[in-house]
Amino acid sequence: MSNRNFYEVLGVEKGASDDDIRKAYRKLARKYHPDVNKEPDAEGKFKEVKDAYEVLGDAQKRSNYDQFGTAEPGGFAGGGAGFNQDFGFGDIFDMFFGGGRRANPNAPRQGADQEVRIQIEFKDAVFGKSVDVLITVPDNCDACHGTGAKEGSEPEVCTACHGSGQQEVVQNTPFGRVVNRRVCQNCQGTGKIIREKCEPCAGAGRVKKKRKIPVNIPAGVNDGDQLRAVGEGEPGINGGPSGDLYVTIFVKKHDFFTREGYDLTCEVPISFAQAALGDEIVVPTLDGRAKLKIPAGTQTGTEFRMRGKGVPHHSGVQGDLRVMVKLITPTKLTDDQKAALREFNRLCGEYIHEQNDNFFDKMKKAFKND
């Protein structure tokens with residue numbers, strides 16, 4: 001985990017909403033993802049952003065972080081600030097106020113969120129597609145049905161904590177009687193003892209399983225967008241609800257089209273004759289071929305807009321296809337072609353001077369000044 005302030009890592013205020021935190025994470029994840037950012041420190045920054053979101057994106061972890069400076073329950077993770085690992089904020093509260101409440105280790109808890117990254121074709125991002133995403137999540141062991149005990153046996157209630165998962169240590173101090181609560185060392189806070197462990201899960205009650213999750217990619221998604229599949233993350237604990245699955249989309253580049261917002265752009269070559277005389281050309285689009293009229297006298301670099309041939313928008317409006325024509329100059333000419341061009345150039349000379357008097361006047365003045 002990063003030592004930096006997680007709010008600073010994501011660039012948000014401490015009171016930021018869940019939606020603001022999610023948007024900040026998506027933006028930074030796109031910026032620093034190692035697949036798109038080749039800077040030497042990109043991978044480290046991406047991990048730092050991911051660590052920050054794992055805490056601030058979870059309501060319980062964020063609450064702990066805001067109160068204690070760590071996402072660990074009870075604060076003071078790992079013996080920090082000179083306290084014993086079992087001696088956290090709850091123990092301090094107990095010392096001065098004679099008691100406190102700890103979360104029930106056997107209470108239902110929501111499963112963790114999962115994140116998966118997939119790459120899709122450019123065309124699928126424009127028109128949408130349904131895909132199956134393969135994820136690996138911890139789930140209840142089929143052999144013991146999540147109990148962790150060998151088939152035919154059951155977990156026993158811990159005799160040291162009587163199933164509470166906590167132990168009380170009473171001490172007499174100058175301040176009076178002190179009750180110190182800590183995680184039960186006998187059952188590791190579960191409140192249960194498993195005498196005969198299930199072999200497939202080694203007593204954990206959970207094993208990793210692969211699952212296929214159908215994900216509907218809507219038309220118009222962009223590179224770096226993130227989709228949320230509610231309840232498709234890790235299963236809950238002790239009957240709690242499942243977490244969510246976040247699917248980050250990365251779009252492959254297209255050989256011909258470039259995307260700008262909801263518009264598509266492309267470059268189409270035309271000949272000098274087509275530009276001068278005008279023509280009707282065939283232009284490829286993502287949903288087939290379309291005809292485009294080139295008016296006489298078209299200059300290289302002119303952009304034509306084909307309405308509704310771009311990317312669909314959630315409002316129902318579709319972007320446009322912007323076609324830029326590029327005049328191609330031939331490099332290998334026959335003698336007859338060269339002769340024809342020289343004659344054409346002679347005939348055009350007077351016209352060019354007439355149409356560009358202002359330019360030639362400026363050029364004459366420039367040479368005169370020299």
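Residues numbered from 1 in each chain as written. Predicted model: local features only at pLDDT ≥ 70, side-chain atom pairs only at ≥ 80, totals over all residues. Heavy atoms only, no water.

Asker: Describe in detail the environment of K50, supporting the description with residues and values.
Answerer: Tracing the backbone shows K50 in helix α3 (residues 42-56). Considering only alpha carbons, one finds K50 and L10, 40 residues apart in sequence, at a separation of 9.4 Å. Residues contacting K50, with those up to four places away along its chain left out, are Y25 and E115. (Helix = DSSP H or I, 4+ residues; strand = E, 2+ residues; numbered from the N terminus. Contact = heavy atoms within 4.5 Å.)

Asker: Run through the sheet that holds strand β10 (residues 258-260), naming residues and quoting values.
Answerer: Here four strands make up an open sheet; going across it, the order is β10-β11-β15-β14 and the pairing mixed. What marks the edges here is a single partner per strand, and that holds for β10 and β14 (303-306). Between one strand axis and the next, the sheet turns through 30° on average, direction left out of account. Relative to strand β15 (residues 321-327), β14 runs antiparallel, the two sharing four bridges. Opposite E303, over in β15, you have M324 as the bridge partner. (Pairing = 2+ DSSP bridges. Axes fitted to C-alpha atoms, helices over the stretch in contact; angles between N-to-C directions.)

Asker: Before we move on, can you summarise the side chain of R259 with the specific residues and values?
Answerer: Along the polypeptide, R259 turns up in strand β10. Within the buried core, R259 has no salt-bridge partner, and the shortest N-O distance to an opposite charge, that of D225, equals 6.2 Å. A polar atom in the side chain of R259 sits 2.9 Å from the backbone oxygen of G220. Sequence-distant contacts of R259, defined by excluding residues within four places in its chain, comprise F122, G220, V221, N222, L264 and V311. (Buried < 20%, exposed > 50% of the residue type's maximum accessible area, 1.4 Å probe, protein only. Lys, Arg positive; Asp, Glu negative; His and termini not counted. Salt bridge = Lys/Arg side-chain N within 4 Å of Asp/Glu carboxyl O. Polar contact = N/O pair within 3.5 Å; in protein donor to acceptor, adjacent residues only side chain to side chain.)

Asker: Which residues make up the sheet that holds strand β1 (residues 114-120), and what are the values?
Answerer: Overall, mixed pairing links the three strands, which are arranged β1-β9-β8 in an open sheet. Strands with a single pairing partner mark the edges of an open sheet, and in this sheet they are β1 and β8 (226-229). Ignoring strand direction, the axes of neighbouring strands in this sheet form an average angle of 25°. As defined by bridge partners, β1 adjoins strand β9 (residues 245-251) across seven bridges and the pair is classed as parallel. Residue pairing for β9: Q114 is matched across the bridge by L245.

Asker: Kindly report on the packing of aromatic side chains, identifying the contributing residues and their values.
Answerer: Going through the model one piece at a time under the given rule, you end up with five aromatic pairs. Here the aromatic rings of F272 and F344 are separated by 5.6 Å at their centres, their planes lie at 80°, and the arrangement is edge-to-face. Here the residue F272 occupies a position in helix α7 (residues 272-277), and F344 occupies one in helix α8 (residues 335-355), the gap between them amounting to 72 residues. Here F272 falls in the partly exposed class, since its relative accessible area comes to 43%. A cation over an aromatic ring shows up here: R259 above the ring of Y262, its NZ or CZ 5.6 Å from the ring centre. (Phe/Tyr/Trp six-rings, centres within 6.5 Å; stacked < 30°, edge-to-face > 60°. Lys NZ or Arg CZ within 6 Å of the ring centre and 35° of its normal.)

Asker: Residue-level account of the packing of helix α2 (residues 18-32) against α3, with values.
Answerer: As a packed pair, α2 and α3 sit with axes 9 Å apart at the nearest point and diverge in direction by 165°. Considering their axes alone, α2 and α3 lie roughly antiparallel with respect to each other. When the axes of α2 and α3 are compared, the crossing they make is left-handed. Between α2 and α3, the contacting residues are I21, R22, Y25, L28, A29 and Y32 on the first element and A42, K45, F46, V49, K50, Y53 and L56 on the second. In terms of residue class, the contact of α2 with α3 is made up of 10 nonpolar, no polar and three charged. (Parallel < 35°, antiparallel > 145°, perpendicular 65-115°, else oblique. Left-handed = near helix turned anticlockwise from the far one by under 90°. Nonpolar A, V, L, I, M, F, W, Y, C, P; charged D, E, K, R; others polar.)

Asker: Outline unusual backbone geometry, supporting the account with residue identities and numerical values.
Answerer: A positive phi angle is found at H162, which is not glycine, with a value near 60°. Within the element layout of this structure, H162 appears in the loop between β3 (156-157) and β4 (166-173). Within the chain, A202 stands out as a residue other than glycine whose phi angle is a positive 55°. Structurally, A202 can be placed in the loop between β6 (192-193) and β7 (206-217).

Asker: Help me get a handle on the pattern of salt bridges, residues and values and all.
Answerer: In this structure the tally under the stated criterion is 19 salt bridges. D244 serves as the salt-bridge partner of R228, at 2.6 Å between the closest nitrogen and oxygen. Of this pair, R228 sits in strand β8 while D244 is found in the loop between β8 and β9, placing the two residues 16 residues apart along the sequence. On the accessibility criterion, R228 (47% relative accessible area) is partly exposed. Its relative accessible area of 6% is what places D244 among the buried residues. Residues participating in the shared-partner salt-bridge network are E260, D263, E303, R305, R307, D320 and R322.

Asker: An account of the packing of α3 against helix α4 (residues 59-68) is needed here, citing residue identities and associated values.
Answerer: Contact geometry of α3 with α4 gives a least axis separation of 6 Å together with a crossing angle of 100°. Considered as vectors, α3 and α4 are oriented roughly perpendicular to each other. Across from E54, V55 and L56 in α3, the residues of α4 making contact are K61, R62 and Y65. Each residue belonging to the contact of α3 with α4 can be placed in one class, and the counts come to three nonpolar, no polar and three charged.

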